[in-house]
Amino acid sequence: MVAIASYPQTQLYPDIAKDIYLPFLAEIVEIRPMTALEKVFTIELPKGMSLGHRPGQFMEVSVFGVGEAPISISSSPSRSNGTFELCVRKVGDVTTALHSLKPGDKVGLRGPFGRGFPYENFRGKDLLFVPGGLGLAPLRSLINQVLDERAHYGRVIILYGARNPGELLFKEELKAWGERDDVELYVTVDRADETWTGNVGVVTTLFKYISIYPRNTVGITCGPPVMYRFVLMEFFAKGISEGNIYLSLERRMKCGVGKCGHCQINNVYACQSGPVFSYREIKGLEEAL
Amino acid sequence: MSLAILSKPAFRDFVARLLADYRVAGPVAHNGSFIFDEIRDPSELHMDYPTTLLPPKKFLLPIREVLFRFKRQDGGVLQAPPETPPTVLLGVHTCDLHAIQLLDTVFSSGHYDIHYVNRRKKTLIVSIECLGPCDEHSFCKSMGTLTADEGYDLHLTDLGDQYAVDVGTQAGKELLEKYASAKPADKEDVQRLNAVISAKWPRFSYRLDFDVSELPSVLELGMKSPLWEELGQRCLACAACTNVCPTCFCFDVKDEVELNLVDGQRVRQWDSCQLDEFATVAGGHNFRASRALRQRHRFMRKGKYILDAHKHLGCVGCGRCARACIVDITPVGVFNELYRQQQAGS
């Protein structure tokens, strides 16, 4: 049906190389509440090892006795330093259990899994990031990677939407990005409150503020399932080609290693060939969007 | 490799000797049907059985298995599960042999599944040639699984008062040498075997209206067929079809905790793409929300996706799903209807 490009493979963390279902243990060193529903967990790897992940990859996170859930890695490889970050929304059993943990507690981990963003190919290009809601969590990994090697890229444009001001994630970082001369940040909320003075409307209402040179622009989006079709229409309206559009897709990756079947999109295992795809790769996959 | 002859009493002795050193499983009668089960005595075996309710897959990919044990205190001290004993699977039909070859590929390619592979390495397979169709639901001849050239350690053909034993692997050769009093086949034995095999083929009929090599394209062209919506209207999403399938390998993983709330285990168990929540994510979105799309996914896997990924068809024509379906959704019916629609140009 659709050929999925080969990609640089990351190594699995050595502890699980023998038994792909056996997690290794790592300690939570910091927990930062973000919103009523989201917390950011900083996790320290044993023996000072670094995770060796790519932006866009995910971990399978275990709370023993409750279960395991796939969580995208929110920190960039450029800032790994023996730790990494997960931004976790309290939405199911495992994430609710994660939210009850304290610094010093341990979690089980497997990964990093999946195909991340081919950001080396983005060098020299303008990047248009369109995260919606929790979609900022995986894109933040790539955004910070890009900002840490800023000279390699052209413009960095970020169009970020959340449902309301209280649900905006990484507010301090948003502020810092907004203050940089080399980042063009636009933020919107679906519903404003009395504190909000910015744009009101879904994330696609931000496209009217930007002009781009489509031939040299990569569009990158991640958000709730309903968002993709509308963002794609805006990308196309700006003239970005199918091969220059990258999406990170959410699926129920139960095993993370291409066996259990839960994340399958037609014939493609999202945990192996994704979760990051170019639009060109998935446009023939009826179940993708 | 080579051909040996084992008389029926010698086969019983062979099985009796195996029981001393191996877990031995094979077809046994059960509530008017047949199942694969562990045996304690050769007399329990029914080597001449039509089909079993569940395929022998359950000895390689158990319905439920412990992946590891943990203690919830201190973040979890992890312990490996108990090991599976060395096992001999007796009386495996060739459709199921083909299915096991697929499972071997799935679990040993890409990320290596040590749980399956370790169990598989400790399992010897003594298969048996089907000499007549098991019932009206099987369509092995159409699927090319009416016999098998490989995938077995020993392969039996019933010659009446004796079995012809085809030795498929070195491990099979050693098993036969150590546990059985077989004699090499002579010219007459080979002639008898040839006569039995030659007589069997006409007893089976082709049930697909097209050659199986066309199945992937029949399915791909049928992606938009109205048939899926019809199936969705009938399907009860009971998952019986996938539960009895010899090639279905999708699974769920969950944690279980003992009553002391400290000790627990992570368990893998069979799952089904036919169940409503299979593709549902934590936020509640279901990426395959209708029964029509789930049935389509199942048949696409069987006839195309799995073949594309693993070079083995995901359907071996055993007919178990057709027998199990209470609303009469059958692979032969589905594949032929798609083909008919395409021939009619609709």
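Residues numbered from 1 in each chain as written. Chains lettered and ligands numbered in written order. Predicted model: local features only at pLDDT ≥ 70, side-chain atom pairs only at ≥ 80, totals over all residues. Heavy atoms only, no water.

Brief notes about the domain arrangement of chain A
All names here are of chain A.
Part 1 of the argument: In terms of domains, chain A is made up of domain 1 (14-113) and domain 2 (119-282).
Part 2 of the argument: Here the C-alpha centroids of domain 1 and domain 2 sit 22 Å apart.
Part 3 of the argument: Counting from both sides, the interface comprises 28 residues of domain 1 and, opposite them, 28 residues of domain 2.
Part 4 of the argument: Interface area for domain 1 against domain 2, summed over the two sides, is near 2300 Å², with a carbon-plus-sulfur share of 53%. (Domains from an automatic or database assignment. Contact = heavy atoms within 4.5 Å. Buried area = accessible area lost by both parts, 1.4 Å probe.)

Quick notes on the state of the cysteines
Part 1 of the argument: Applying the stated criterion across every chain yields a total of 0 disulfides over all chains.
Part 2 of the argument: This cysteine, Cys273(B), is not joined by any disulfide, and Cys250(B) carries the nearest cysteine sulfur, 6.1 Å off. (Disulfide = S-S within 2.5 Å.)

Observations regarding the domain arrangement of chain B
All names here are of chain B.
Part 1 of the argument: Domain boundaries assigned for chain B yield domain 1 (2-203) and domain 2 (212-345).
Part 2 of the argument: One C-alpha centre belongs to domain 1, the other to domain 2; they are set 25 Å apart.
Part 3 of the argument: Summed over both sides, the interface of domain 1 with domain 2 buries roughly 3600 Å², with 60% coming from carbon and sulfur.
Part 4 of the argument: Run the count over domain 1 and domain 2 and you get 6 salt bridges.
Part 5 of the argument: The salt bridge involving Asp113 is made with Arg268; its shortest N-O contact spans 2.9 Å.
Part 6 of the argument: Taken together, the connections running from domain 1 to domain 2 amount to 22 residue pairs in polar contact (both at pLDDT 80 or more).
Part 7 of the argument: Here the element with the most residues in the side of domain 1 that touches domain 2 is helix H2 (residues 94-108); it accounts for 10 residues.
Part 8 of the argument: Of the residues that constitute the side of domain 1 that touches domain 2, the class distribution is 22 nonpolar, 12 polar and 10 charged. (Salt bridge = Lys/Arg side-chain N within 4 Å of Asp/Glu carboxyl O. Polar contact = N/O pair within 3.5 Å; in protein donor to acceptor, adjacent residues only side chain to side chain. Helix = DSSP H or I, 4+ residues; strand = E, 2+ residues; numbered from the N terminus. Nonpolar A, V, L, I, M, F, W, Y, C, P; charged D, E, K, R; others polar.)

Observations regarding the packing of aromatic side chains
All names here are of chain A.
Part 1 of the argument: Inspection of the entire model under this criterion finds 19 aromatic pairs over all chains.
Part 2 of the argument: Taking 5.9 Å as the distance between ring centres and 50° as the angle between the ring planes, the aromatic pair formed by Phe58 and Phe113 counts as tilted. Placement of Phe58 in strand E3 (residues 58-63) and of Phe113 in strand E6 (residues 106-113) is noted, with a sequence separation of 55 residues between them. In this structure, Phe58 and Phe113 share a single accessibility class: buried. (Phe/Tyr/Trp six-rings, centres within 6.5 Å; stacked < 30°, edge-to-face > 60°. Buried < 20%, exposed > 50% of the residue type's maximum accessible area, 1.4 Å probe, protein only.)

Thoughts on helix H12 (residues 331-344) of chain B
Structural remark: α-helix, 3.6 residues per turn; residues separated by three or four positions point the same way.
All names here are of chain B.
Part 1 of the argument: If you check H12, its first and last C-alpha atoms are 20 Å apart, about what 14 residues at 1.5 Å a residue would give, namely 20 Å.
Part 2 of the argument: Listed as buried for H12 are Pro331, Val332, Val334, Phe335, Asn336, Leu338, Tyr339 and Gln341.
Part 3 of the argument: Contacts from the buried residues of H12 go to helix H7 (215-221), helix H8 (227-234), helix H10 (291-310) and helix H11 (320-324).
Part 4 of the argument: After H12 finishes, the residue Gly345 shows a positive phi value of roughly 75°. (Expected span 1.5 Å × (residues − 1).)

Section: the interface of chain B and chain A
Part 1 of the argument: Contacts between the two partners involve 45 residues from chain B and, on the opposite side, 36 residues from chain A.
Part 2 of the argument: Both faces considered, chain B and chain A share a buried interface measuring about 3600 Å² in area, 55% of it formed by carbon and sulfur atoms.
Part 3 of the argument: Here chain B and chain A share 6 salt bridges between them.
Part 4 of the argument: One salt bridge connects Arg288(B) with Glu287(A), and the closest N-O pair in it is separated by 3.0 Å.
Part 5 of the argument: Taken together, chain B and chain A are joined by 26 residue pairs in polar contact (both at pLDDT 80 or more).
Part 6 of the argument: Residue assignment for the side of chain B that touches chain A shows that the elements contributing at least two residues are strand E4 (64-71), H2, helix H3 (114-121), strand E10 (251-257), strand E11 (263-270) and H10 of chain B.
Part 7 of the argument: It is H10(B) that contributes the most residues to the side of chain B that touches chain A, 6 residues altogether.

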